[in-house]
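# Structural overview for review
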Amino acid sequence: ILMGVGMLGLPFVYKSAGWIGGTGVLLIFGVITWRTTILLGRELNGDPRPGHYFDDSPYKSPLQPGSSAGARMRSPITSFPEIARDAFGENGCICLSSILYFELFSCLCIFLVTLGNHLYVLFPSISETKHMIMISCVLVIPTAVLRTPRLLSYLSAVGTIATIAVVLSVALTSVLEGDISEEVAISKGKVNDLGSYHDLWIASGLPLALGLVAYTFSGHAIVPSIYSSMKRPQDFERMATVTFVIVLACCLLTAVAGYYMFGNVVDDQVTISLEASAGPKAELAMKMLTWLMVLTAFSKFTLTMYPLSLGMEEIVAPYLPSDTAMDITSSLVKIILIILSLLVAIYAPSFSFLCSLVGLICTVIVSVVFPAAAHLKLFGSKLSIFEKLGDWLMVIVGLVVAVIGTIATVKNDVGA
């Protein structure tokens, strides 16, 4: 989840913000999202103290919440909406659910753009728009005909393989090829008179860079599922820390290696740059990697469609008279979602722009603002002054970044 399609845009983060800005955004946002993941774990545990403080699972504890110093402060929670409902009431739950559904729909648009970009690399005689239209027609079959994603869920393993392949490909190619930014710039007709294709600091690109990094770290919505399925939930914080160290290391490796190799002429998806610059010996391997990304985006589109369409179907389900009507409605909802996401992808076919907007609008709220605000609301009376200040800082800065960053990103895109 943390190392999905968003990882493809990490070298572009450095193109947008420079060496210092890109590294700073990655490290700072990585640490913040690690912290909010820990906060979510404590909210699910029902206590502001670290999980390892307890010897038993919160779901099997013999102690009643609040009964003693060794008991948890509140009853454990099992889902993201439940956290929102306990902290902010039914209205808070509705707001959070709306943001999550918007994020899912935006991901559909991003996957279509990714499919169009990579298929265009493979078949340049057909335009990206036509690729997106054709793949949308193909996507109707698995999404509208199949009632469950069980068969396609096996394809989700492709995402893991693709992530490993991307990291290794970028790292190894950068070692073997070195800095080829000038060669790529000449081939693209983007020669820099200054002779340098790497920047230390670009302040104007920070909003876009932050949005791209935020989208890469947008995995907090599945934290409750992971937490509740663990045999020992009290080990969650240790597991989360190890996970974020590995993820951050892979992100930095991909971003640094990709930017070092391609510089400011890197595409917003590094796999496209790899394919375009591949020599005769590596051409087959790069084509295989590109097809792997196509398969990954295809499977992720289909799997992402199900929770989104299910939410839409639940709204109209009480008004449908039979199961047949429900089946027809389910297919229609999915087809409409495919058409709408296709229209957005055609109107805004920029991978970096869409990812950045989703990261700033959705991820910053869901992965930064919400966990900190819920932590304050649920455990405020038991938190130290430093914990409260930290939570308030994340809430205020997160909201400011989301608003100002979105405005700046939109303005820059319109100006470009």
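Let us look at the structure shown here. (Residues numbered from 1 in each chain as written. Predicted model: local features only at pLDDT ≥ 70, side-chain atom pairs only at ≥ 80, totals over all residues. Heavy atoms only, no water.)

With that settled, consider the pattern of salt bridges. Under the criterion given, the structure shown has nine salt bridges. Where E237 meets R42, a salt bridge forms, and the shortest distance between an N and an O atom there is 2.9 Å. Of this pair, E237 sits in helix α9 (residues 236-262) while R42 sits in helix α1 (residues 10-45); the two residues are 195 residues apart in sequence, bridging distant segments of the chain. Accessibility classification places E237 together with R42 in one group, the buried group. Where R85 meets E90, a salt bridge forms, and the shortest distance between an N and an O atom there is 3.1 Å. Of the residues examined, E90 reaches a relative accessible area of 45% and is grouped as partly exposed. Among the charged side chains, a salt-bridge network with shared partners connects R232, D235 and R238. (Salt bridge = Lys/Arg side-chain N within 4 Å of Asp/Glu carboxyl O. Helix = DSSP H or I, 4+ residues; strand = E, 2+ residues; numbered from the N terminus. Buried < 20%, exposed > 50% of the residue type's maximum accessible area, 1.4 Å probe, protein only.)

As a further point, take the side chain of Q234. Inspection of the secondary structure puts Q234 in the loop between α8 (223-229) and α9. Polar contacts involving the side chain of Q234 include one to the main-chain carbonyl oxygen of D55, which spans 3.0 Å. With residues up to four places along the chain from it excluded, the contact list for Q234 reads G51, H52, F54, D55, D56 and S57. (Polar contact = N/O pair within 3.5 Å; in protein donor to acceptor, adjacent residues only side chain to side chain. Contact = heavy atoms within 4.5 Å.)

The next subject is a nonpolar patch on the surface. Taken together, the side chains of I328, L332, I336, I339, L340 and L343 present a nonpolar region at the surface, about 560 Å² in accessible area. By secondary structure assignment, the location of L332 is in helix α12 (residues 323-347). With relative accessibility at 49%, the residue L332 sits in the partly exposed group. (Patch = residues over 30% accessible without salt bridge, like charges linked within 9 Å, V, L, I, M, F, W, Y side chains within 5 Å. Areas by Shrake-Rupley, 256 points an atom, 1.4 Å probe, with all protein chains shown as cover.)

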